[in-house]
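Letter by letter, the chains look like this.
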Amino acid sequence: QVQLVESGGGLVQAGGSLRLSCAAFGFRVSSRAMGWYRQAPGKQRELVATISTGGGTNYLEFVKGRFTISRDNAKNTVYLQMNSLKPDDTVVYYCWGNPSYWGQGTQVTVSA
């Protein structure tokens with residue numbers, strides 16, 4: 001059965017870094033577009049970053065230059081490296097796999 005298992009969320013100070021991991025089960029991450037979404041309370045879920053099967057990436061404007069999505073096919077895992085974190089990055093982050101696979105979410109909290 002398809003499953004996405006996220007890890008790496010937590011509490012950090014502004015300016016710090018976190019690395020989120022999304023381990024996939026039941027399919028190869030190399031075979032699907034993958035990405036990360038985030039959703040704060042009372043707000044819509046928004047696309048943060050995507051990576052295509054060919055390795056091309058796209059980012060939400062607010063995170064450009066700070067976040068990097070990557071894929072390790074040998075580990076069947078997708079990552080989101082988050083640097084220079086800001087308090088506005090404090091949301092739940094969800095791993096996504098094309099077309100409609102979702103992780104359970106991992107909380108990121110950035111203190112001012």
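Residues numbered from 1 in each chain as written. Predicted model: local features only at pLDDT ≥ 70, side-chain atom pairs only at ≥ 80, totals over all residues. Heavy atoms only, no water.

### Quick look at the pairing of strand β7 (residues 67-72)
Inspection of the sheet shows β7 paired to strand β8 (residues 77-82) by six bridges, in the antiparallel sense. Note that in β8 the partner of Phe-67 across the bridge is Met-82. Between β7 and β8, which pair antiparallel and follow one another directly, the connecting turn spans four residues, one of which, Asn-76, has a positive phi of 50°. (Pairing = 2+ DSSP bridges. Helix = DSSP H or I, 4+ residues; strand = E, 2+ residues; numbered from the N terminus.)

### Regarding the pattern of salt bridges
A complete count under the given rule lists four salt bridges for this structure. Here Arg-38 ties to Glu-46 by a salt bridge, and the two come within 3.1 Å at their closest N and O atoms. The partner of Arg-66 in a salt bridge is Asp-89, and the shortest N-O contact between them spans 2.7 Å. With a gap of 23 residues between them, Arg-66 in the loop between β6 (57-59) and β7 and Asp-89 in the loop between β8 and β9 (91-97) connect regions that are remote in the sequence. Taken together, the shared-partner salt bridges connect Arg-38, Glu-46, Arg-66 and Asp-89 into one network. (Salt bridge = Lys/Arg side-chain N within 4 Å of Asp/Glu carboxyl O.)

### Some thoughts on the layout of surface pockets
Considered as a void within the structure, the largest pocket measures approximately 180 Å³ in volume. Contributing to the lining of the largest pocket are Arg-38, Gln-39, Ala-40, Lys-43, Gln-44, Glu-46, Pro-87, Asp-88, Thr-90 and Val-91. (1 Å grid on protein atoms, 1.4 Å probe; cavity = no way out; pocket = protein on both sides within 12 Å on 5 of 7 lines; lining within 4 Å. Points joined across faces, edges and corners; volume = space filled by probe spheres on them.)

### Describing unusual backbone geometry
A cis amide bond links Asn-98 with the next residue in sequence, Pro-99, at an omega value of 0°. Along the chain, the position of Pro-99 falls in the loop between β9 and β10 (101-102). Residues other than glycine seldom take positive phi values, yet Asn-76 does so here, at roughly 50°. In this fold, Asn-76 is placed in the loop between β7 and β8. Here Asn-76 falls in the buried class, since its relative accessible area comes to 10%. Of note in this structure, Ser-84 is not a glycine but carries a positive phi near 50°. (Buried < 20%, exposed > 50% of the residue type's maximum accessible area, 1.4 Å probe, protein only.)

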